[in-house]
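Results of the structural survey
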Amino acid sequence: MLGPSGCGKTTLLNLIAGLATPTRGRIAFEGALADPRQPFTAVVFQEFALFPWRTVTGNVAFGLEMLRLPARAAQERARECIRLVGLEGFETKYPHQLSGGMKQRVSMARALAVDPIMLLMDEPLSALDAQTRTLLQGELVKLWAATNKSFFHVTHNIEEAVFLAHRIVVLSRRPGRIREIVTVDIPHPRDEHVRALPRFGETVDHCWSLIRDEARAALLEPESAGPSVIAEPGLPAGRL
Amino acid sequence: MDEPLHPVPDRSRLLRLRQHPWLSVAGMAALVLTWEAASRAGLMPRLFLPAPSACAVRAWELIANGQLAEHLVASLRRILAGYALGSVTGIAVGIGTGFFSRFRALGLPVIAATYPIPKIAILPLLILWLGIGEPPKIAVIAIGVFFPLAINTHAGIVACDPTLLRAGVSFGASRWDLVRKVLLPAALPMIFAGLRLGAGISLLLVVSAELIAADSGLGFLILNAADLLQTEDLMVGLATLSLLGIAFNAGLSWLERRIVRWR
């Protein structure tokens, strides 16, 4: 899901996660459920949203506790997912002892642990420095291949979208509508080298041409300076 | 390169915080020594300001004959009972007003209306209700400790990072899960700040209550000593209160380090 600031990318993700109420219509997953307790979604947040008082294992096990998994099974499953994101040896560390890239891996492990039908990635790499970001893009591709899950990835970074996605839904702002669905014609599994392909650059250019004018318009509107200002009729805000 | 060099001024001195541990020790020593010297030289009437050495001797006597321990235990009992009662109810109410909208609507006005009352002013009413024994003293301490804990717990919960709440909710947490596993741990640093404030208030109130109506406790020791012009005894009482406050804080710091390990 690609779009300029303020187009409603994150709002849409919140709707799918059940963290916001749709003003109209409804959101549903289609098909028979193998396990009625399997969560539809799990979210990886831009700000990591790790519980600072829990260790890496404790954070990864959080969702499993909410599923009322027995403590032992939860620990085991958590360890499995920690291995999957390459954080072995950091199980007993607290978030403040980890780098940004590692924190986001913990967050990914936490989301994977509950085995959701779809993973919702809310600009998961935006808070990271450029180099860490590039590395984690590569790891996301591997993680996707290893888990074979649907990833719903929100970003405003065009290269990231082209590198990761099969299909890029480009949104427009005011109103937030689908501008175009771009199919990325680069075979998977992808690695670093695809960035050098002519196809890659062409797709990036095409996506940029779709959002350039609106991104420029957004620049001139101080109140929509960043994605964080998207109005979310959020549950916590209402309650606190 | 014959151009003149212009050194960059080093302005970092203003940004550094230097430590002077010896100055602290020397300052304390100088204070006590000056006091001792002034007292011995007769600059102060000993009846009003006895020398530190005389106070130390008297302290030793009061420790040896068990009087100090007796008063200390009497005060500590009241403090601990009132502190436990006040902090538990304060935290519970703070969680209520912090997270549950109806509880907040009901609780906040009551807290706002009663908080400004100096707690010692409630003591006569409490004596009227509860008699002149231990209950009103414990109650006044509990009330005094209740407010900083209710207010700090409330503030800690309200200040909880909303993203953490969203994360909790997104994994299907129930209301009770959120309280136990997200809000309460998030509020812990604020709760500890409240516990510290409460500790100071509990000392203040135990002494006040004992000054008004008691035949035991550090407040009674101090008042009685003043009535009998036993200024050394009075000083020993004050010093004990100082040590008690320091011990209280040290204990809380220790507890906080053990519980809030993630910082």
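Here, the structure is the one placed above.
Calculation notes
Residues numbered from 1 in each chain as written. Chains lettered and ligands numbered in written order. Predicted model: local features only at pLDDT ≥ 70, side-chain atom pairs only at ≥ 80, totals over all residues. Heavy atoms only, no water. Helix = DSSP H or I, 4+ residues; strand = E, 2+ residues; numbered from the N terminus. Rg over C-alpha atoms; globule rule 2.2 N^0.38 Å. Buried < 20%, exposed > 50% of the residue type's maximum accessible area, 1.4 Å probe, protein only. Contact = heavy atoms within 4.5 Å. Areas by Shrake-Rupley, 256 points an atom, 1.4 Å probe, with all protein chains shown as cover. Lys, Arg positive; Asp, Glu negative; His and termini not counted. Charge placed at Lys NZ, Arg CZ, Asp CG, Glu CD. Pairing = 2+ DSSP bridges. Axes fitted to C-alpha atoms, helices over the stretch in contact; angles between N-to-C directions.

1. Examining the overall build of chain B
Per the secondary structure count, chain B includes 10 helices and 0 strands. Each helix and strand of chain B, placed in order from N terminus to C terminus, yields the pattern α-α-α-α-α-α-α-α-α-α. The C-alpha atoms of chain B give 25 Å as radius of gyration, which overshoots the globular expectation for 263 residues (18 Å, by more than 25%). C-alpha extents for chain B along the principal axes are approximately 90 × 70 × 30 Å. Here chain B holds 263 residues, and 41% of them are scored as buried.

2. What about the overall build of chain A?
Within chain A one finds 8 helices and 5 strands. Sequence-ordered secondary structure for chain A, helices as α and strands as β, is α-β-α-α-α-β-α-β-α-β-β-α-α. Principal-axis analysis of the C-alpha atoms gives chain A an extent of 55 × 45 × 40 Å. Counting the 240 residues in chain A, one finds 48% classified as buried. Taking the contacts inside chain A whose residues are at least 6 apart along the sequence as the reference set, 71% of them involve residues at least 24 apart. Only carbon and sulfur atoms are counted for the fraction: they give 53% of the accessible area of chain A, which is about 12,200 Å². Distance between charge centres in chain A, computed from 28 positive and 26 negative side chains, equals 5 Å.

3. Notes on the sheet that holds strand β1 (residues 41-44) of chain A
All names here are of chain A. Taking strand neighbours across the sheet as the criterion, the 3 strands line up as β1-β2-β3 in an open arrangement whose pairing is parallel. Each having just a single partner strand, β1 and β3 (150-154) make up the two edges of the open sheet. Mean inter-strand twist for the sheet, computed between neighbouring axes without regard to direction, equals 20°. The strands that helix α4 (residues 100-113) touches are β1 and β2 (118-122); relative to β1, the one it contacts most, it runs at about 175°.

4. Quick notes on the environment of Leu135 of chain A
Residues and elements named next belong to chain A. On the secondary structure map, Leu135 appears in helix α5 (residues 130-147). Classification of Leu135 by relative accessible area gives exposed; the value is 58%. For the pair Leu135 and Thr147, spaced 12 residues apart in sequence, the C-alpha separation works out to 18 Å.

5. Notes on the environment of Pro124 of chain B
With respect to the helices and strands, the residue Pro124 of chain B is situated in helix α5 (residues 123-130). For Pro124 of chain B and Ser53 of chain B, which are 71 residues apart along the polypeptide, the C-alpha to C-alpha distance reads 39 Å.

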